[in-house]
Amino acid sequence: MDGNGLLGRQRESRALTGLVGTVRGGSSQVLVLRGEAGIGKTALLDLLGRAATGCRIARAAGVESEMELPFAALHQLCGPHLDRIDDLPPSQCEALGTAFRLRSGAAPDPFVVGLAVLTLFSLVAEDRPLICVVDDAQWLDQASARALEFVARRLAAEPVGLVLAVRDPVLFDGLPAMTVRGLGDDDAAALLDSAAPGGLDPRVRERILAECRGNPLALLELPRGLSRAELAFGGATDAEATPLVHRLERGFQRQLASLPAASRRLLLIAAADPVGDAGLLWLAAARLGIGDEAAAAAEQTGLVSFRDQVRFRHPLVRSAIYRSARLADRRAAHRALAESTDPRTDADRRAWHRARAAVGPDEDVAAELERCAGRAATHGGMAAAAAFLDQAAALTPDPVRRVRRSLDAAQVKAHAGAFQDALDVLAMAESSPLGRAEQARAEVLRARISFTAHRGNEALPLLLTAARRLEELDPLLSRDTYLDAMSAALFAGRLAAGAGASEVARAVRASSPMRWAMSRKSDVLLDGLTTLFTDGYPAAAPLLRDAVRAFSTEPVTLQEAMSSEWLSLVTASALWDDAGWDVLTRRHLAMARSSGALSALPLALDTRAIVELFTGDLAAAAALVEERRSVAEATRSGLAPYGEIGLVAVRGDVERAEPLIRACLEDVTARGEGVGVNLTQWARAVLYNGSGRYQEAAAAAREAVADPRELGLPQWALGELVEAAVHSGDAGSAATALAELSSLARASGTDWALGVEASRRALAEGGRTADELHREAIERLDRTRVELEAARARLLYGEWLRREGRRVDARVHLRAAHEAFGAIGAKAFAGRAARELQATGETIRRRTVEAPGKLTAQEAHIARLAAEGLTNPEIGAALYISPRTVEWHLRRIYSKLGVDNRRRLRQTLTG
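What this report covers is the structure whose coordinates are included nearby. (Residues numbered from 1 in each chain as written. Predicted model: local features only at pLDDT ≥ 70, side-chain atom pairs only at ≥ 80, totals over all residues. Heavy atoms only, no water.)

1. A short note on the overall build of the protein chain
On a plain count of helices and strands, the protein chain comes out with 48 helices and seven strands. In terms of C-alpha radius of gyration, the protein chain reaches 32 Å, essentially the compact-globule figure of 29 Å for 911 residues. Seen through its C-alpha atoms, the protein chain measures out along the principal axes to roughly 100 × 70 × 50 Å. Burial statistics for the protein chain: of 911 residues in total, 58% are counted as buried. One finds the centroid of the 114 positive side-chain charges in the protein chain at a distance of 2 Å from the centroid of its 117 negative side-chain charges. (Helix = DSSP H or I, 4+ residues; strand = E, 2+ residues; numbered from the N terminus. Rg over C-alpha atoms; globule rule 2.2 N^0.38 Å. Buried < 20%, exposed > 50% of the residue type's maximum accessible area, 1.4 Å probe, protein only. Lys, Arg positive; Asp, Glu negative; His and termini not counted. Charge placed at Lys NZ, Arg CZ, Asp CG, Glu CD.)

2. Side note on unusual backbone geometry
A positive phi angle is found at F71, which is not glycine, with a value near 65°. On the secondary structure map, F71 appears in the loop between strand 2 (56–61) and helix 3 (72–78). When its relative accessible area of 5% is taken as the criterion, F71 is described as buried. Positive phi, close to 60°, is recorded for R101, a residue that is not glycine. Tracing the backbone through its elements, the reader meets R101 in the loop between helix 4 (90–99) and helix 5 (110–127).

3. Considering the environment of S759
Positionally, S759 belongs in helix 39 (residues 751–764). Taking C-alpha positions, S759 is 5.4 Å from H774, a pair spaced 15 residues apart along the chain. Each residue touching S759, except ones within four places of it in the same chain, is listed here: H774, A777, A793 and L796. Only 3.4 Å separates the side chain of S759 from the side chain of R760, close enough to count as a polar contact. (Contact = heavy atoms within 4.5 Å. Polar contact = N/O pair within 3.5 Å; in protein donor to acceptor, adjacent residues only side chain to side chain.)

4. Some words on the packing of helix 18 (residues 363–378) against helix 19 (residues 382–394)
Packing of helix 18 against helix 19 brings their axes to within 8 Å, and their N-to-C directions diverge by 170°. Overall, the two elements helix 18 and helix 19 adopt an arrangement that is roughly antiparallel. Between helix 18 and helix 19, the residues in contact are A366, L369, E370, C372, A373, A376 and A377 and A384, A385, F388, L389, Q391 and A392, respectively. Taken together, the residues that form the contact of helix 18 with helix 19 break down as eleven nonpolar, one polar and one charged. (Axes fitted to C-alpha atoms, helices over the stretch in contact; angles between N-to-C directions. Parallel < 35°, antiparallel > 145°, perpendicular 65-115°, else oblique. Nonpolar A, V, L, I, M, F, W, Y, C, P; charged D, E, K, R; others polar.)

5. Topic: the state of the cysteines
What the rule picks out here adds up to zero disulfides. Free of any disulfide, C55 has its nearest cysteine sulfur in C132, 11 Å distant. Residue classification places C55 among the buried positions, given a relative accessible area of 6%. (Disulfide = S-S within 2.5 Å.)

6. Digging into the pairing of strand 3 (residues 130–135)
Judged by how many residues are buried, strand 3 sits mostly within the fold: six of six residues are covered. Neither face of strand 3 is exposed, since L130, C132 and V134 on one face and I131, V133 and D135 on the opposite face are all buried. Where strand 2 lies against strand 3, six bridges are found, and the strand directions are parallel. Along strand 3, the bridge assignment pairs R59 with V133. Pairing analysis gives five bridges linking strand 3 to strand 4 (residues 160–166), with the strands arranged parallel. (Pairing = 2+ DSSP bridges.)

7. Thoughts on helix 13 (residues 278–287)
Side chains that are three or four residues apart share a direction in an α-helix, a result of its 3.6 residues per turn. Turning to helix 13, its buried residues number three or more, namely A278, L280, L281, A284 and A285. Axial view of helix 13: buried residues confined to an arc of 155°, hence all on one face. The exposed set on the far side of helix 13, more than 90 degrees from its buried face, consists of L283 and A286. You can read the cap of helix 13 off the contacts: a side-chain oxygen lies 2.9 Å from the backbone nitrogen of G279, and it is on D277. One or two residues past the end of helix 13 sits G289, with phi positive at roughly 75°. (Arc of directions from axis to C-beta.)

8. Regarding the side chain of S748
Along the chain, S748 falls in helix 38 (residues 731–748). Among the residues examined, S748 registers a relative accessible area of 5% and is labelled buried.

9. Describing the pattern of salt bridges
If charged atoms from side chains of opposite charge come close, those side chains can pair. Going through the model one piece at a time under the given rule, you end up with 70 salt bridges. Of the charged contacts in the structure, one is a salt bridge between R792 and E723, with a shortest N-O distance of 2.8 Å. With a gap of 69 residues between them, R792 in helix 41 (residues 787–803) and E723 in helix 37 (residues 713–727) connect regions that are remote in the sequence. The burial state of R792 is the same as that of E723; both residues are buried. (Salt bridge = Lys/Arg side-chain N within 4 Å of Asp/Glu carboxyl O.)

Put into structure tokens, the structure is as follows:
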């Protein structure tokens with residue numbers, strides 16, 4: 001679109017000029033431009049480029065046909081600056097180099113890739129402000145889109161601007177956005193008149209204005225190449241039946257129709273290559289006998305430019321050329337491009353072109369696409385791997401192999417979080433004749449998709465049926481499916497419709513697995529869980545410990561991580577094994593991120609957030625909760641926000657927690673997700689124990705322990721119930737819960753379990769025994785990672801000492817608890833400790849608790865890491881922000897707390 005397309009764009013122009021000024025001033029700004037095709041987004045981006053004098057401009061554009069290639073668009077932005085890649089921290093350098101295939105390595109964590117891009121942009125902007133411009137962002141490959149959204153949400157103190165132009169009304173939701181609307185009547189009329197200087201019949205003019213609805217590209221292009229008769233007599237009906245985008249494409253096609261055949265074929269090659277590599281274009285053109293002279297006529301139309309990079313005037317020009325070509329001509333263009341692409345440096349793109357050049361089934365091409373899928377998965381491109389497998393299946397001549405590849409594609413699509421796409425591929429596979437084994441695998445996939453997508457009741461009977469069917473056909477897959485069924489049963493818990501965990505355990509016992517199948521760690525886990533639900537916790541504990549140890553110390557495959565690792569880490573929590581729980585949740589999250597398995601990411605983030613709550617790092621938990629919110633929006637995950645519920649409960653934020661808990665209970669009850677009932681009631685018990693509302697805490701804890709068909713949460717809730725029942729005078733409930741807690745703790749044998757048990761048993765004892773139990777609890781819990789429980793043990797001891805009249809001794813432990821809760825950010829527990837301290841006659845030093853409270857959650861986390869001695873790059877790597885942003889935050893932290901260096905910051909935070 002030419003400069004006239006900016007007519008009437010004062011509001012948008014001011015916004016972009018302001019963005020340039022902000023970036024020149026040393027700050028970051030992000031803007032998403034939304035609007036339909038042709039509305040003027042590209043023209044505004046060109047205006048931004050002209051206005052940004054003194055700034056570097058990095059450009060990228062999404063191409064619909066390139067959405068399958070991971071990090072393709074990101075490479076467009078970063079490619080000119082990769083000479084700085086060695087200046088990145090080693091882990092970021094490795095991640096970005098692996099993503100761009102500059103080096104071999106394991107699949108990079110996409111968040112480390114995002115951080116590497118953020119750091120790279122920050123480094124590049126040190127010399128001159130940087131503005132990144134991305135057109136047609138709705139067509140970005142998934143990996144690039146996630147990385148850029150990561151960067152957009154973390155830009156803060158760098159002189160970097162990021163502008164994303166997108167047609168999609170919800171993509172990049174939550175980022176600052178501006179909707180580009182159609183021109184007003186006067187501006188639209190002026191633009192139309194400029195495109196038709198010879199004048200238009202008034203009736204024709206009014207018809208075009210009505211049909212274009214202020215769309216600048218339509219106003220400029222529709223009159224070109226159309227006769228007055230066509231506009232006067234054929235436009236109305238056609239316009240009503242044809243979308244504007246298609247009419248614009250058809251207008252471009254008419255402008256190109258008069259070109260020589262060689263020029264049209266050259267344009268087709270350019271349209272078929274999403275990279276725009278002029279060198280590759282001419283190599284492919286030479287294979288088809290097209291000479292340099294073909295470019296002149298094409299460039300004279302003003303729709304394309306051939307220089308170092310091939311650029312179309314508008315993305316619709318590319319699609320118009322490609323759609324209008326005959327299928328045989330498209331295949332010839334792709335074949336020429338494939339033959340001109342070096343298989344050593346760009347094997348995936350070569351395979352991509354070969355697939356589009358294929359006339360029919362071709363096993364050689366299908367096998368190459370399958371290899372591409374393996375490489376894409378290795379580099380974290382799960383969506384790309386699924387697309388390659390889908391294409392491979394379509395080109396596979398052998399029916400059995402085609403079904404196998406289709407099932408593989410469905411599985412990978414499900415891992416990528418594209419559940420409906422996975423079901424569509426699965427339905428296509430099931431339309432072919434399936435053998436018994438393939439049918440059973442399809443049933444397993446359908447059940448797994450149902451469970452992963454909804455976490456409700458529907459999946460469990462499907463999984464049990466499939467597991468039984470597979471016992472003879474594939475014993476190993478049968479065992480894996482029984483483990484999936486156990487996961488589904490534990491999620492359904494008390495709300496299971498029909499079969500539950502006990503029924504799954506009995507089915508496993510009734511099966512006859514081959515003894516060699518029992519050597520895998522997943523089999524040890526299944527055996528332990530089966531024993532748990534048939535013979536009880538004490539009998540199962542040794543087997544469960546073996547399983548957790550195996551999962552903690554041995555490597556896991558991606559399939560194990562997606563299927564059984566969640567069960568292993570929940571088992572670790574049920575054993576009160578804080579070390580195993582920490583290792584497994586870290587690895588589960590890392591693998592979900594690095595593999596691009598968006599389906600597993602919300603749950604992985606939630607479980608890690610809960611771990612951070614127990615370790616007392618509420619700032620880290622809050623960061624995970626925020627990340628989880630973004631991922632859930634992107635994947636449309638139906639999983640309840642368990643991490644957020646736990647966070648607000650430990651903080652003691654009753655006003656925020658109660659509406660969240662009520663909404664969650666309604667949601668999980670409707671879905672049949674019993675684990676949600678247990679978690680929300682446990683969280684409610686923690687919330688009210690912290691606030692000293694013990695009767696409400698006891699009621700919630702009773703609900704959490706009401707059904708034994710769950711792991712972890714009922715055990716934790718027993719401790720809450722003992723504490724609440726004792727404080728509310730319900731000795732009977734306290735004794736019953738304590739007996740059960742003691743049995744489980746002895747079977748577990750960990751310091752966490754025995755420490756909690758000693759702390760709660762001390763509440764039911766008196767005199768010297770109580771004193772010794774309180775001390776034992778503190779000693780045991782101090783050896784663990786669960787700082788929240790250690791602080792609570794000190795609080796309970798201090799409260800007991802005060803009631804015993806030992807005020808001086810009480811102050812020591814109450815003060816330690818108060819300091820710990822204040823540092824953690826557990827405000828309700830800190831308030832409870834403060835009230836107890838005041839009852840001993842001590843005056844509270846408010847600075848210790850309140851100084852960190854002046855800071856945001858992120859600032860508090862940064863302050864703590866800085867006080868611990870981490871450098872700015874180390875803090876940035878931990879929090880996924882740039883070192884410059886860390887420096888900016890530290891200046892704000894120093895100002896808020898009235899300090900001027902890290903030593904004084906450390907003194908302030910430690911009291």
